[in-house]
Every structure is written in structure tokens, then in C-alpha cells.
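As a plain string of letters, each chain reads:
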Amino acid sequence: MSRSSEIDRRALVGLGLAAAPTLAAAQEPPDPAEVLELWPGRPPGAPADLPQDVVTDRAATSGFQDRIATRVGRPRLTVFRPTRPNGAAVIIAPGGTYVRVVIDKEGFETARRLAQAGVTAFVLRYRLPIDGWVNASEVPLQDAQRAIRLVRAHAAHYGVHPRSVAMMGFSAGGHVAASLATRHADRTYAAVDAVDAQDARPDLSALIYPVIDMSLPHANRGSRESLLGRAPTPEQETAYSLHRRVDPTTPPTFLVHAMDDQSVPVENSLQYLAALRAAGVPAEAHLFEEGGHGFGIRLIQGKPAAAWPDLFLAWAERRGLFRR
């Protein structure tokens, strides 16, 4: 694990956070300097030729700073500290169809909103299964398990309570978060240090237009192929369809989905919600008539779904996540 408090541009390039300056980027607040690498050495199952992070800014087509990370070889957490911490932490897994990680739109922008409310937010840049890792379908969950263990192990340093750590995920990152919620007890990698003695179960789970089902017709085809290959077996589809993995140990869950989502059908959230109810797990779900897919916070302004961050914060407070 490494902590950075002062990073010059050369170091920033090494971390994969720098991008060519644009007008849109210049209008954005600076990135936090505090970054935690997940693994003390090479991550589990690393190929001989370790992927090197590539960051691309899609500002020219998006109209705002919209960086994505590909070929993630150094998974990490970027830390957003609030001015007045309330003792809660949220780890955020952005989406990207398991071929990229959407840094800004679903990651950093959400983290800033949570930090404004007193939450210490950690944006997870996780490894992608398409980059040659051994046991490739498990590497995103390995990173999520390691991330929550790191946050708990260093809770005092971040001013958070070790039993007030939630996991939030968007789209394919919702599959990462739901994997952690349902498979937190699975041993997906050999322990590398004392951090791995920490519990990997999140105290709360928040899934925003999540990929859940790996079986057609409700699967997001891109995420399915990236995670399981072009022709997954029925056994693979079942194992990674996370509504089939819910049990009473799954944490209380907050769900958001738009009914007009053409990329990840709303049935993904509905099936997960039904499984939560069947297992007796507390859940709150917000289904909005419009919003499409991938809206994050920025792209939903002016529509009813723009309320989702406030709805999540109110729910998390009722569930006791905040330790004021």
C-alpha cells in the first residue's frame, strides 16, 4: 500500500491520472492526491506482462471531463476526504462493461457529492477480466474484497468506523458491488498480509443501474462477454448471476434503476430485489420512468432520478451508517 500527499505531474502520469489538458478538464476540481494501491506487490494472477494503466479523456465527445481507465494493472483507491467526516465510508466501483472503468462520471463526481455530506469516499479502480489475468472472472471481486479490508484495517487513519463501510457500484461496477455483497465470504485469493484478516462484508450495499443477471435475455451482453467469454456455460451464467447468490448474510441494499434503460434492463434490479425480499434482507428500491443508462449524477439533472444521491444518503443515515 502506498499513500501520496504530494504528487507532481510525472508521478501523476505514473498513476494513470493525468490526461491532456482540455477546456472541460480545466473547469473541474483537482483530483485528490491521496491514493492507496491495493496490493503490496503484483496482484493475484498477474500475467508475465503486467498491464499498464491507460487513461483516456472522452471530453471531446462527452462535453465534460470524462476519463476512463483501461488495462488496469495497479488497482487502487482514490480517497476523497470530507471537511467534517461523519464516520461513514463508501467504496465506489464505477461501471464500464468490464472493459473500462469510468473514472469521473460515476466515480469522482459521486465521491465529491458524498464527501460534501460528510462521507469519506474511496473510488475503486479495479482490474478488468479481459487483460490476461489468471482466474480472470474473479479479479474484480478480488480487488473489491481487498479494498474493503484495506479501508477497515486503516479506519482510524481515515476517521471512519470499521463497521460503517458501504459499497456502491454502477452498471458493471454494480456487478462488482453485488459480488462483494453476496460473495464476501468467498476466498478468492490467498492472504498476502494482516489486512486480509479483516471482514469483507460491506455494512450496506448500493447498486445503481447494476448488472446482475448473466443469463439472456436480461444480461448486458458486453459485460457478460467480458467477464465470462463469448460462450459461457450454463453453470458460469448461474454462478455469476448474483440474484441467485443472495442469502440472509447479504447486507441491506439500496437500488436505483431507470425503467427505460436499454443497456441493462430493469429486470436486473427487479430480480435482485425479489431475491433480497425472499432472503429477508432489508432493501429500498427507486425505479424511475426515465433516465436511460449511465447517468451518474451529471446526466440526470432536471429529472426525478436526480434525487437518487439524497435518497441514498437519507437511507444510509436511517440504516445507521453515519457515526456523528
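Scroll up a little and you will see the structure.
Residues numbered from 1 in each chain as written. Predicted model: local features only at pLDDT ≥ 70, side-chain atom pairs only at ≥ 80, totals over all residues. Heavy atoms only, no water.

Describing the overall build of the protein chain
Here is the rule we go by: Put simply, DSSP H or I for four residues or longer makes a helix, DSSP E for two residues or longer makes a strand, and each gets a number counted from the N terminus. Using C-alpha atoms as the atom set, the radius of gyration is obtained and then compared with a globule rule of 2.2 Å times the number of residues to the power 0.38. The classification of residues rests on relative accessible area computed with a 1.4 Å probe and restricted to protein chains. Under 20% of the type maximum is buried, over 50% is exposed, and intermediate values are partly exposed. To measure how exposed things are, a 1.4 Å probe is used in the Shrake-Rupley method; for residues, cover is taken only from the protein chains shown.
Regarding its fold elements, the protein chain presents eleven helices and eleven strands. On C-alpha atoms alone, the protein chain measures out to a radius of gyration of 18 Å, which is about the 20 Å that the 2.2 N^0.38 rule sets for 324 residues. For the protein chain, the spread of C-alpha atoms along the principal axes amounts to about 50 × 45 × 40 Å. Within the protein chain, buried positions represent 59% of all 324 residues. Carbon and sulfur atoms provide 50% of the accessible area of the protein chain, an area that totals close to 12,900 Å².

Describing helix α11 (residues 308–318)
Under the convention used in this document: Read the arc as the range of directions from the helix axis to the C-beta atoms. Every residue pair with non-hydrogen atoms within 4.5 Å of one another is taken to be in contact.
Three or more residues of α11 are buried, namely Trp-308, Pro-309, Phe-312, Leu-313, Trp-315 and Ala-316. The arc that holds every buried residue of α11, seen down its axis, measures 165 degrees, which confines them to one face. Residues of α11 that are buried sit in contact with β5 (89–93), α4 (104–116), β8 (165–170), β9 (204–208), β10 (253–258) and β11 (283–288). Positioned one or two residues after α11, Gly-320 has a phi angle of 85 degrees, which is positive.

Some thoughts on the pattern of salt bridges
The criterion, for reference: The salt bridge definition used is simple: a Lys or Arg side-chain nitrogen within 4 Å of an Asp or Glu carboxyl oxygen.
Scanning the entire structure with this criterion turns up 24 salt bridges. One salt bridge in this structure joins Arg-58 and Asp-66, with 3.2 Å as the shortest N-O distance. Exposure remark for Asp-66: the relative accessible area of 3% places this residue in the buried category. One salt-bridge network, held together by shared partners, links Asp-31, Arg-67, Asp-104 and Arg-112.

Focus on the side chain of Glu-34
Heads up, the rule is: Side-chain atoms alone can form a polar contact between residues adjacent in sequence; in general such a contact is a pair of N or O atoms within 3.5 Å, and within protein one must be able to donate a hydrogen while the other accepts it.
Inspection of the secondary structure puts Glu-34 in the loop between α2 (23–26) and β1 (35–37). Since its relative accessible area comes to 15%, Glu-34 is described here as buried. A distance of 2.8 Å separates a polar atom in the side chain of Glu-34 from a polar atom in the side chain of Arg-81.

As for the sheet that holds strand β2 (residues 54–57)
Short version of the rule: Two strands are said to pair when DSSP picks up at least two bridges between them.
Strands sit in the order β2-β3-β6 across an open sheet of three strands; the sheet is antiparallel. Of all strands in the sheet, those bounded by a partner on one side alone are β2 and β6 (101–102).

Some remarks on the pairing of β2
Along β2, the buried face is formed by Val-55 and Asp-57; none of Val-54 and Thr-56, which line the opposite face, is buried. In this sheet, strand β3 (residues 67–70) lies alongside β2 in antiparallel orientation, the contact comprising four bridges. Note on β3: the bridge partner recorded for Val-55 is Ala-69.

What about the sheet that holds β5?
Within a sheet, adjacent strands bond to each other through the backbone by hydrogen bonds, running parallel or antiparallel. Put simply, the rule reads: All axes here are fitted lines through C-alpha atoms, helices being fitted over the stretch that makes contact, and every angle between N-to-C directions spans 0 to 180 degrees.
The eight strands lie next to each other as β1-β4-β7-β5-β8-β9-β10-β11, forming an open sheet whose pairing is mixed. One side of each edge strand has no neighbouring strand; the edge strands of this open sheet are β1 and β11. The mean angle between the axes of side-by-side strands here comes to 15 degrees, regardless of whether they run parallel or antiparallel. Here β1 runs beside strand β4 (residues 76–80); their pairing, made up of three bridges, is antiparallel. Residue pairing in the sheet places Leu-36 in a bridge with Leu-77 of β4. Together, β9, β10 and β11 form the strand contacts of helix α10 (residues 267–279), whose direction differs from that of β10 by roughly 155 degrees.

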